[in-house]
Amino acid sequence: MGELSDPKGQKAELTGREKEAYVAGLFGEIAAPYDRLNRAISLGRDRAWRRQVVELALVGPGSWVADLGTGTGDLAFDLAAAVQPGGRVIASDLTPAMLSVAEQKLARTPVPGLSFHHANAANTGLQDSTCDAVTMGWVLRNVGERPPVYAEVLRILKPGGRFVCIDMSRPEGWFARTGFWFYRHLFMPMMARLLGGNLSAYRYLAHSTDRFPDAAALEAELRTAGFTSVRSLPLMLGSLRIHCGCRP
Ligand SMILES: C[S@@+](CC[C@H](N)C(=O)[O-])C[C@H]1O[C@@H](n2cnc3c(N)ncnc32)[C@H](O)[C@@H]1O
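Each value, and the rule that gives it
- Residues numbered from 1 in each chain as written.
- Predicted model: local features only at pLDDT ≥ 70, side-chain atom pairs only at ≥ 80, totals over all residues.
- Helix = DSSP H or I, 4+ residues; strand = E, 2+ residues; numbered from the N terminus.
- Axes fitted to C-alpha atoms, helices over the stretch in contact; angles between N-to-C directions.
- Parallel < 35°, antiparallel > 145°, perpendicular 65-115°, else oblique.
- Left-handed = near helix turned anticlockwise from the far one by under 90°.
- Contact = placed C-beta atoms within 7 Å.
- Nonpolar A, V, L, I, M, F, W, Y, C, P; charged D, E, K, R; others polar.

Draft legend 1. Main features of unusual backbone geometry. Backbone torsion omega between Q84 and P85 reads 0 degrees, so that peptide bond is classified as cis. Residues other than glycine seldom take positive phi values, yet L43 does so here, at roughly 55 degrees. Of note, L43 is situated in the loop between α2 (34–41) and α3 (46–56). If you check the backbone angles, M236 has positive phi at about 50 degrees while not being a glycine.

Draft legend 2. Spatial organisation of the packing of α3 against helix α4 (residues 74–83). It is the contact of α3 with α4, at a shortest axis distance of 10 Å, that shows an interaxial angle of 45 degrees. Taken together, α3 and α4 sit at an angle that is classed as oblique. Crossing hand, α3 versus α4: right-handed. Touching R50, R51, V53 and V54 of α3 are D74, L75, D78, L79 and A82, all from α4. When the residues that make up the contact of α3 with α4 are grouped by side-chain class, the tally is five nonpolar, no polar and four charged.

Given below as structure tokens:
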């Protein structure tokens, strides 16, 4: 656990392979309590937020979707329900321990068309133009570099296919911005400690939000990468945001 220790939040400045290795170690540590902590930290709202991602992905029976950074698979299960009959959800993640929780859920509750794979979001191994939609839930902030991930998403989307990602953001007003700072730097680590999670991990997650581009910058980044129809939807006073874009 020593190498994960991050009292000053400096690990959030890592990039590339170093960041990937740190992030995989971190999620490996919190895989077991991850779902429980998510529910507590989001005050039970995380399920509703994932349902919004599914709605914005505009998928239906027969659609093919890739859920990148699927973690313990909750978004992938919601997507799988939306694409039946006849659809597929190819869910992948960098961290074997997170995937193993997802696979245990799938073994308990088999869902047609859903499969889990070990893969980096920047190199999914999928063929060109495979997917009607690609989703990412709280992943973009954690990848080594974002541009290679955007390139991979555009490669695997069909023309006109949609990219929908939800992640932490920073509210615009002073009041909400200050409140959210306390939420992520005090409430989140406190809940992590109380519920048996790893304090360093939740410190990293707070600091990585501080360093993540704000809504306008992320929208500009998506347009520069080649997405069209880029827009974003604020949730929770802008402390969370769903970004959408399409492959031309
Ligand atoms: C905060 S969790 C989110 C999990 C899930 N999407 C959800 O909605 O709960 C972030 C996940 O992204 C994964 N991840 C981070 N970087 C990744 C990368 N480069 N490629 C694939 N997965 C990655 C982590 O292993 C972790 O499971």
